[in-house]
Amino acid sequence: MSDQDRNGSFSGGWTWMAVLAVICIVGGFLALLNPFGATVFAVTLAGWVFLIQGVIQVIHAFRVRDWSGFIWSLGIGVLSLLVGVVLVADPLAGAIPLTLLVAVLFLATGVAKTMFALALRPASGWVWVLASGLVSVVLGVMILAGLPATATTILGLLLGIELVSNGVLFLFVALGLRRIGS
């Protein structure tokens, strides 16, 4: 593929990336303006994903009925269906265990990043890894300390921050693609 062909494909693709960037940024700000609504949306969406995955898993289990792992496969499918039903039926009740999971993930990644930073200590920039680890630990502790009240908003806030962050990233990628294509 010649440089001119590659540049032509970049110049046509940057517009879609820019549209995606705008959608993410707008969606992120909407989530930040209404973190409660964004939390309900995120939990409901997770519930539907569990439901769909559960249906597929149960169908798969019955298609391989003679397999020695049939019971395990069926069990995982039924469990996924139950989790999906609970999350869709009552997103606020489902927000509490999901928020707990997020807090535990923050704590675990924070500890891992802190340990990694200490192992990197002779290298330059190790302090930034340490700072990131400590921030993750502090966020995890703050979320846990605020449960169950934090469950109604923290997932929406995190979704909003993630969407804005991704939108800014996509915008820079789109502008870079545009520059390459011209």
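Our structure is the block above this text.
Counting restarts for each chain: residues are numbered from 1 in the order of the written sequence. Two thresholds apply to this predicted model, a pLDDT of at least 70 for residue-level local features and 80 or more for giving and counting side-chain atom pairs, whereas whole-chain, interface and lining totals are computed over all residues. Water and hydrogen atoms play no part in the side-chain values, which are based on all heavy atoms of the structure.

Asks: How would you summarise the overall build of the protein chain if you had to cite specific residues and measurements?
Replies: Helix and strand assignments follow DSSP, with helices taken as H or I runs no shorter than four residues and strands as E runs no shorter than two, numbered in order from the N terminus. When its secondary structure is counted, the protein chain shows six helices and zero strands. Ordered by position from N to C terminus, the α and β elements of the protein chain give α-α-α-α-α-α. Radius of gyration: over C-alpha atoms. The globule rule applied is 2.2 Å multiplied by the number of residues raised to the 0.38 power. Over its C-alpha trace the protein chain gives a radius of gyration of 22 Å, far above what one expects of a compact globule, namely 16 Å for 182 residues. Each principal axis of the C-alpha atoms in the protein chain carries an extent, and together these give about 55 × 40 × 40 Å. Throughout, exposure labels follow a simple rule: accessible area from a 1.4 Å probe, protein chains only, divided by the maximum for the residue type, with under 20% read as buried, over 50% as exposed, and the rest as partly exposed. For the protein chain, buried positions account for 27% of its 182 residues. Within the protein chain, residue pairs in contact and separated by at least 24 positions form 76% of the contacts whose partners lie at least 6 positions apart. For every accessible area listed, the method is Shrake-Rupley and the probe measures 1.4 Å; residues are considered covered only by the protein chains on display. For the protein chain, the accessible surface area stands at approximately 11,400 Å², while carbon and sulfur atoms represent 77% of it. In what follows, residue pairs with any heavy atoms lying within 4.5 Å of each other are defined as contacts.

Asks: Tell me about the packing of helix H3 (residues 70-89) against helix H4 (residues 91-120), residues and numbers included.
Replies: Only the stretch in contact is used when fitting a helix axis, every axis being a line fitted to C-alpha atoms; angles between N-to-C directions are given from 0 to 180 degrees. Running from amino to carboxyl end, H3 crosses H4 at an angle of 120°, the nearest separation of the two axes being 5 Å. What the angle tells us is that H3 and H4 run oblique. Each of Leu87, Val88 and Ala89 in H3 lies in contact with H4, whose residues at this interface are Pro91, Gly94 and Leu98. Ten residues, namely Ala, Val, Leu, Ile, Met, Phe, Trp, Tyr, Cys and Pro, are considered nonpolar, four, namely Asp, Glu, Lys and Arg, are considered charged, and the remaining ones, Gly among them, are considered polar. For the contact of H3 with H4, the class distribution of residues is five nonpolar, one polar and no charged. Orientation is classified from the angle alone, with under 35 degrees giving roughly parallel, over 145 giving roughly antiparallel, 65 to 115 giving roughly perpendicular, and any other angle giving oblique.

Asks: How would you summarise unusual backbone geometry if you had to cite specific residues and measurements?
Replies: A cis amide bond, omega 0°, links Leu147 with the succeeding residue Pro148. Tracing the backbone through its elements, the reader meets Pro148 in the loop between helix H5 (126-146) and helix H6 (154-181).

Asks: Give me the lowdown on the environment of Leu98, citing residues and values where you can.
Replies: Relative to the helices and strands, Leu98 is located in helix H4. When residues no more than four places from it in sequence are discounted, the contact partners of Leu98 are Val43, Ala46, Leu87 and Leu155.

Asks: An account of the nonpolar core is needed here, citing residue identities and associated values.
Replies: Only buried Ala, Val, Leu, Ile, Met, Phe, Trp, Tyr and Cys residues count toward a nonpolar core, and they belong to the same one when joined by side-chain atoms within 4.5 Å. Core analysis: the biggest nonpolar cluster contains 10 residues, these being Val43, Leu87, Ala95, Val102, Ala103, Phe106, Ile143, Ala151, Ile154 and Leu155. In terms of residues, this core owes the most to one element, H4, which gives four residues. The residues touching Leu155, leaving out its near neighbours within four places in the chain, are Thr39, Val43, Ala95, Leu98, Thr99 and Val102.

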